[in-house]
Amino acid sequence: MKKTIGMFAHVDAGKTTLAEQLLYMTDTIQERGRVDHQSAFLDRHDIEKERGITVFVDQATMQFNGSTYYLIDTPGHVDFSPEMERAIQVMDAAVVVISAVEGVEGHTETVWQLLRKHGVPTFLFINKIDREGADVARVFAEIRSELTEDVCMITGEDVLHEGVMQSSLIEAIAERDEKLLELYMEQGVEVCQWLDTMTAMIRKGQLFACFSGSALQYVGVSHFLHQLDLLTVTDYDAGVDFAGRVYKIRHDEQGARLTYIKAMGGTLRVRDEMTYFAGTETITEKVTHIRLINGGRVTNVDQVHAGDLFVVTGISSAAAGDGLGTLSGRTVYELVPTLKSKVQFESSIHPKDMLREFRLLDAEDPSLSVQWDEHAQAIHIHVMGIIQLEVLERIVFERFGYRITFGEPEILYKETITEAVVGCGHFEPLKHYAEVHLRLEPGERNSGIVFANTCHPDVLPVNYQHLVAQHVGERDHHGLLTGSPITDIKITLLKGRAHNKHTHGGDFREATYRALRQGLEKAANMLLEPYYHFKVKVDAEYIGRLMSDLTQAKANFEPPETAGNKVTVTGSAPVSTMMNYSMELAAYTKGRGAISLVYGGYGGCHNEAEVIERKGYDKNADPEYSSSSIFCAKGSGYAVPWDEADRHMHV
């Protein structure tokens, strides 16, 4: 059986140490590595060794009890959470490591939400029980109150593979299955039935098994691995056509593209052809090499089978999240950066040379959303935080030999509309023709751009309707207030017109863009900014200061909850007012305050007028969009302003 297990945790909870112990006890490595000794098997990069944190998703292979395990170690710092999210999609199960001292922390909650969204069966390991201040009972209570009530503790006395289960564990299972509960109350049930039921519940996300121990001291690790092996089941089919999912892109020292894939079904061999979609284009390419990765060890193989994780060369355009072979579609990622920054470099470096290198980084980390400003000859990227920028500076120097810095990060704003309108666009210079009518309506918050089509084929042929849909979705479209991307809008194609002779490639792009832009001109526009969901825990003596700070930060929050001498406040607040608050909190609480900041989507900008004035965006000077339509008369085209264009339209 082949199983892919992901390792997750907040920084310093001991995730990598636990992974090292699992690799050691399965004879994958001959010596246990340590993060503090810069010798961890899965933290191979100098950046990770020096900072003592996992930055890049890495993987190892181990054999245990007849099964092949692919162990994926993920970053524990929020700045690298998109890297973590891309790996989640290929996991059969996850292990969330929580410190017995610090308990449930900010990144723990982010990880938990993502794992629930993707339906990954999840196990918990309360680590560092040997540390001063460790309290397993308190942390278990936190898990129940802050993550899930459907959690059961499996202690060393529960030896499932030998048929030993404590009554408390059996009761926890029975409480979630009425038929089993009835049988249990009447006559009891054989252990194997309980075990099968428990395994099924874990797989369906109805139950979460929790363990405790000390990874560093090798306490509880062997028990954990044996029960993990017993409670995880996979059923990949190697007899079907190949299906795979891309979860990572890298490049080797020669610049060759390395595509990391999980085989969801079938068999793949060297020189097999791989078919996938890149945008609207279907691409078929031949696999030239297949490699298995085990930490820093690389093994070339001729074929791989369902359930395997591997790397191929020869695939030039598939991106993280893409389905391959018979698996179609692309994964939509939830974690998005809220900041952007300008790449700064010496004038002796040609901007296009720097852009080429950042395009490679963009392929490896699509969340960077590398943007080229032709007018300013500048490169901008999207990031999660300051630590990510520091790491990128190091990566660019080590890989490409360029010394760079970044401008002060800025908030990534978005725009939307607050009323329904119809926008029309006409593009008819000499020997060209296209007309598009779009209805724009406010969408649900954080729904993005939703496209619909009510146009009849008799009005506009289907192939042109598909072009309109393609042009709506092919890029971010600018709003009118700050030039930021528009979002949370439903765009419906109502009608349009083409010309049998004069409609050419690109005409419907021009007409679609102009219709969209004219609609924005007609509508009332609104500026949006990113928000955090926050949880702050402080000693009672600091609650006055905290409440004052949150009010000043334009936060919305629930009444404080008191437990002993600790007070917890939860709510939401703009990223712009809270992004640096963790340092301020640590200062005035003398390090005893705890804060969790989780991306909470976009909402109305709290200082819209101030931001619009600061941005100074001139909608009439945007070279990429025009709200005017182009009509033709007497053999030449002429422009009609947006507010006069409706009466000139042909349909």
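Residues numbered from 1 in each chain as written. Predicted model: local features only at pLDDT ≥ 70, side-chain atom pairs only at ≥ 80, totals over all residues. Heavy atoms only, no water.

Draft legend 1. Examining the overall build of the chain more closely. In terms of regular secondary structure, the chain is built from 18 helices and 34 strands. Here the C-alpha radius of gyration of the chain, 28 Å, is about what a compact globule of 651 residues would show, namely 26 Å. Once the C-alpha set of the chain is aligned to its principal axes, its extents read approximately 90 × 65 × 65 Å. Looking at the 651 residues of the chain, the share that counts as buried comes to 52%. A fraction of 72% describes how many contacts in the chain between residues 6 or more apart in sequence connect residues 24 or more apart. Accessible surface for the chain amounts to roughly 29000 Å². Of this, 47% is attributable to carbon and sulfur atoms. (Helix = DSSP H or I, 4+ residues; strand = E, 2+ residues; numbered from the N terminus. Rg over C-alpha atoms; globule rule 2.2 N^0.38 Å. Buried < 20%, exposed > 50% of the residue type's maximum accessible area, 1.4 Å probe, protein only. Contact = heavy atoms within 4.5 Å. Areas by Shrake-Rupley, 256 points an atom, 1.4 Å probe, with all protein chains shown as cover.)

Draft legend 2. Focus on unusual backbone geometry. For N446, which is not glycine, the phi torsion reads 70° and is therefore positive. By the element assignment, N446 lies in the loop between β25 (434–442) and β26 (449–453). Phi at K554 is positive, roughly 60°, even though this residue is not glycine.

Draft legend 3. Local environment of the packing of aromatic side chains. Inspection of every chain in the model, using the stated rule, returns 11 aromatic pairs. Between Y599 and Y602, the ring centres sit 6.5 Å apart and the planes meet at 75°, which makes this aromatic pair edge-to-face. Its relative accessible area of 22% is what places Y599 among the partly exposed residues. We classify Y602 as buried; its relative accessible area is 7%. Here F631 and Y638 contribute two aromatic rings whose centre-to-centre distance is 6.3 Å and whose plane-to-plane angle is 35°, an arrangement assigned as tilted. With a relative accessible area of 2%, F631 lands in the buried category. On the basis of relative accessibility, which here comes to 34%, the residue Y638 falls in the partly exposed class. (Phe/Tyr/Trp six-rings, centres within 6.5 Å; stacked < 30°, edge-to-face > 60°.)

Draft legend 4. Molecular detail of the packing of helix α10 (residues 351–364) against helix α11 (residues 386–400). Taken N-terminus to C-terminus, the directions of α10 and α11 make an angle of 120°; their axes are 11 Å apart at the nearest point. Taken as axis vectors, α10 and α11 run oblique relative to one another. The chirality of how α10 crosses α11 is right-handed. Residues E357, F358, L360, L361 and E364 of α10 form the contact with α11, whose participating residues are L392, I395, V396, R399 and F400. In terms of residue class, the contact of α10 with α11 is made up of 7 nonpolar, no polar and 3 charged. (Axes fitted to C-alpha atoms, helices over the stretch in contact; angles between N-to-C directions. Parallel < 35°, antiparallel > 145°, perpendicular 65-115°, else oblique. Left-handed = near helix turned anticlockwise from the far one by under 90°. Nonpolar A, V, L, I, M, F, W, Y, C, P; charged D, E, K, R; others polar.)

Draft legend 5. Spotlight on the pairing of strand β33 (residues 629–633). Of the pairings in the sheet, the one linking β33 to strand β34 (residues 636–640) comprises 5 bridges and is antiparallel in character. Within β34, the residue paired with I630 across the bridge is A639. Between β33 and the antiparallel strand that follows it, β34, lie 2 residues; K634 among them carries a positive phi value of about 55°. (Pairing = 2+ DSSP bridges.)

Draft legend 6. Structural context of the nonpolar core. Formed by 47 residues in total, the largest nonpolar core has its most connected members in F358 and I381. With 6 residues, the single largest contributor to this core is α11. What I381 contacts, discounting residues up to four positions off in sequence, is L339, K340, S341, V343, F358, L368, V370, L389, L392 and F406. Residues L23, C152, L195 and L228 belong to the second largest nonpolar core, which totals 42 residues. (Core = buried A, V, L, I, M, F, W, Y, C linked by side-chain atoms within 4.5 Å.)

Draft legend 7. How the structure looks around the sheet that holds strand β8 (residues 243–251). As summarised here, the arrangement of the 6 strands in space is β14-β13-β16-β9-β8-β17, forming an open sheet in which the pairing is antiparallel. The outermost strands of the open sheet, each flanked by one partner alone, are β14 (297–301) and β17 (323–325). The sheet shows a mean angle of 40° between the axes of neighbouring strands, direction not considered. Of the strand pairs in this sheet, strand β13 (residues 289–294) and strand β16 (residues 309–313) are connected by 3 bridges, and their pairing is antiparallel. Directly across from R291, in β16, lies its bridge partner V311. Contacting β8 and β9 (257–265), α10 runs over the sheet at an angle of about 145° to β8.

Draft legend 8. Structural detail: the packing of helix α14 (residues 543–552) against helix α16 (residues 581–588). The contact between α14 and α16 brings their axes to 11 Å, and the two run at 160°. One element, α14, and the other, α16, form an angle in the roughly antiparallel class. Two packed elements cross with a definite hand, and for α14 against α16 that hand is right-handed. Where α14 abuts α16, its residues R545, L546 and D549 lie against Y581, E584 and Y588. When its residues are assigned to classes, the contact of α14 with α16 shows 3 nonpolar, no polar and 3 charged.

Draft legend 9. Structural view of the sheet that holds strand β3 (residues 67–73). Spatial strand order, β2-β3-β1-β4-β5-β7-β6: 7 strands in an open sheet with mixed pairing. Bordering the open sheet on either side are β2 (58–64) and β6 (151–153), each of which pairs with just one other strand. Geometrically, the sheet is characterised by an average inter-axis angle of 25° between neighbouring strands, direction not taken into account. One ladder, built from 6 bridges, connects strand β4 (residues 93–99) with strand β5 (residues 122–127); its direction is parallel. Opposite S99, over in β5, you have N127 as the bridge partner.

Draft legend 10. Seen up close, the pattern of salt bridges. This structure, assessed with the given rule, holds 29 salt bridges. A salt bridge links K535 to E146; the shortest N-O distance between them is 3.0 Å. Of the two residues, K535 sits in strand β28 (residues 525–539) while E146 sits in helix α5 (residues 136–146), which places them 389 residues apart along the sequence. Owing to a relative accessible area of 17%, K535 belongs among the buried residues under this scheme. The partner of D488 in a salt bridge is R445, with the nearest N and O atoms 3.0 Å apart. Residue D488 is found in the loop between α12 (462–473) and β27 (489–497), and its partner R445 is found in the loop between β25 and β26; the two are separated by 43 residues along the sequence. Linked by salt bridges that have partners in common, E83, R86, R250 and D365 make up one network. (Salt bridge = Lys/Arg side-chain N within 4 Å of Asp/Glu carboxyl O.)

These figures come from the coordinates and say nothing about function on their own.
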